[in-house]
Amino acid sequence: MTMRRVAIVLLLLLFGVLLAAEHVAPHSYATQFRDAPNARPSHSFPLGTDALGRDRLSRLIYGGRGSMLLAPAAALLSVGMALAISLLAGCLGRWWERAAMAMADLSLSMPWLFALLAVRAMLPLNAPPVATMLVTFGLLGLLGWAAPSRVMLASVKRHLQSDFVLLARASGCRRSRLALVHLAPNLLPLALAQFLVTTPIFLMAEATLGLLGLGVPEPLPSWGGLLQELENLPSITASPWILAPLLVLIAVVSLFHMLVSADPYSV
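Not measured: the values here are computed from a predicted model.

Asker: Describe the overall build of the protein chain, and please don't skip the residues or the numbers.
Answerer: For the protein chain, the helix and strand inventory stands at 12 helices and 0 strands. When the helices and strands of the protein chain are read in sequence order from the N terminus, they spell out α-α-α-α-α-α-α-α-α-α-α-α. Dimensions of the protein chain along its principal axes, counting C-alpha atoms only, are 75 × 45 × 30 Å. Here the protein chain holds 267 residues, and the buried ones make up 43% of them. Carbon and sulfur atoms make up 69% of the accessible area of the protein chain, which amounts to about 14100 Å² in all. Separation of charge centres in the protein chain, based on 18 positive and 12 negative side chains, amounts to 13 Å.

Encoded structure:
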């Protein structure tokens, strides 16, 4: 079995575990065991408990479910926007192509992380955790189209010089049919590769927001929010099991990179 297939199997197993969090996690993510705060790993608490007595393993599983479901959804939104913009700009002509490239360059040059932080900070403190998570990943999806669009637009320009496109144009094929029937199917492998690249980027972006205290609010856990415990360096030495969210995040990002490292046509 190739490393690529191993990565696919492991990611599918992870998705299955996260989707079945209610049946897999030992406890609820919000249950507090007030008689066991900051407990060490044991049979009842495999990764110990946090300062409020909540089971760390359960919060790790529940926190990953939101991140692993919404990060691919945000990546799908970004790649879908990039694909639509690239097809539209490439088929409409040079002026539209230049406008799309200028918009992409402007978007990439702006400090969107600070804009994201500002928008996230503007949300009410009493906003529901689920709504906050949806807004966070929705913003990531809306702001992440620029980088994939540059790659896809270059591919569209290359395909427009291909023999099959020239033959379609000579046959009187309309621009809409040219984009949807002839170009879009040939861009799907590239779109898949961009999706696999963008998803871990959004996972890391959510983790960054969580470290800054602007991630998913309590009591709903997220991998980024769980990383806040690492701000206290002495506690890492005393309680190395709190590194579990970081190790899981590194493993998941590495698995996505393994998928991208091979030929996207072999997915």
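Asker: Describe unusual backbone geometry, naming the residues involved and giving the relevant values.
Answerer: Residues other than glycine seldom take positive phi values, yet Asn-38 does so here, at roughly 50°. Tracing the backbone through its elements, the reader meets Asn-38 in the loop between α2 (21-24) and α3 (56-92).

Asker: How would you sum up a nonpolar patch on the surface? Please name residues and give values.
Answerer: Together, Val-9, Leu-10 and Leu-13 make up an exposed nonpolar region whose accessible area comes to about 250 Å². Classification of Leu-10 by relative accessible area gives partly exposed; the value is 40%.

Asker: Could you give an account of the packing of aromatic side chains, naming the residues involved and the relevant values?
Answerer: Taken as a whole, this structure holds 3 aromatic pairs when the rule is applied. Measuring from centroid to centroid gives 5.0 Å for Phe-33 and Phe-45, while their planes differ by 65°, and the two rings are edge-to-face. Placement of the pair is Phe-33 in the loop between α2 and α3 and Phe-45 in the loop between α2 and α3, with a sequence separation of 12 residues. When the centroid spacing of 5.5 Å and the interplanar angle of 85° are considered together, the rings of Trp-95 and Trp-96 count as edge-to-face.

Asker: Please provide a residue-by-residue account of helix α12 (residues 244-261), values included.
Answerer: Taking 1.5 Å per residue as the helical rise, α12 with its 18 residues ought to reach 26 Å, and the 26 Å between its terminal C-alpha atoms agrees with that figure. Of all the residues in α12, the buried ones are Ala-244, Pro-245, Leu-249, Val-252, Val-253, Leu-255, Phe-256 and Leu-259. Projected onto a plane normal to the axis of α12, the buried residues spread over an arc of 165° and lie on a single side. In α12, the exposed positions that point more than 90 degrees away from the buried face belong to Leu-247 and Ser-261.

Asker: Describe the side chain of Ser-222, naming the residues involved and giving the relevant values.
Answerer: Among the secondary structure elements, Ser-222 is positioned in the loop between α9 (175-211) and α10 (223-226). The class for Ser-222 is buried, based on a relative accessible area of 2%. Ignoring any residue separated from it by four or fewer positions in sequence, one finds Ser-222 in contact with Gly-63, Ser-67, Met-133, Glu-206 and Val-216.

Asker: Summarise the side chain of Asp-55; cite the residues concerned and give the values.
Answerer: Considering the arrangement of structural elements, one finds Asp-55 in the loop between α2 and α3. Apart from residues lying up to four places away in sequence, Asp-55 is in contact with Pro-26, His-27, Thr-31, Ser-44, Phe-45, Pro-46, Gly-48 and Thr-49.

Asker: Can you break down the packing of α3 against helix α7 (residues 146-160) residue by residue, with the values?
Answerer: Two elements in contact, α3 and α7, have axes whose closest approach is 8 Å; the angle formed by their N-to-C orientations is 35°. The chirality of how α3 crosses α7 is right-handed. Contacts between α3 and α7 involve Val-79, Ala-82, Leu-83, Ser-86, Leu-87, Ala-89 and Gly-90 on the former and, on the latter, Pro-148, Ser-149, Met-152, Leu-153, Val-156 and Leu-160. Split by residue class, the contact of α3 with α7 holds 10 nonpolar, 3 polar and no charged.

Asker: Break down the environment of Ser-28 for me, citing the residues and quoting the values.
Answerer: Looking at where Ser-28 falls in the secondary structure, it is placed in the loop between α2 and α3. Expressed as a C-alpha distance, the spacing of Ser-28 and Ser-58, which sit 30 residues apart in the sequence, is 6.4 Å. For Ser-28, the residues in contact, after removing those within four places along its chain, are Ser-58 and Tyr-62.

What counts and how
- Residues numbered from 1 in each chain as written.
- Predicted model: local features only at pLDDT ≥ 70, side-chain atom pairs only at ≥ 80, totals over all residues.
- Heavy atoms only, no water.
- Helix = DSSP H or I, 4+ residues; strand = E, 2+ residues; numbered from the N terminus.
- Buried < 20%, exposed > 50% of the residue type's maximum accessible area, 1.4 Å probe, protein only.
- Areas by Shrake-Rupley, 256 points an atom, 1.4 Å probe, with all protein chains shown as cover.
- Lys, Arg positive; Asp, Glu negative; His and termini not counted.
- Charge placed at Lys NZ, Arg CZ, Asp CG, Glu CD.
- Patch = residues over 30% accessible without salt bridge, like charges linked within 9 Å, V, L, I, M, F, W, Y side chains within 5 Å.
- Salt bridge = Lys/Arg side-chain N within 4 Å of Asp/Glu carboxyl O.
- Phe/Tyr/Trp six-rings, centres within 6.5 Å; stacked < 30°, edge-to-face > 60°.
- Expected span 1.5 Å × (residues − 1).
- Arc of directions from axis to C-beta.
- Contact = heavy atoms within 4.5 Å.
- Axes fitted to C-alpha atoms, helices over the stretch in contact; angles between N-to-C directions.
- Left-handed = near helix turned anticlockwise from the far one by under 90°.
- Nonpolar A, V, L, I, M, F, W, Y, C, P; charged D, E, K, R; others polar.

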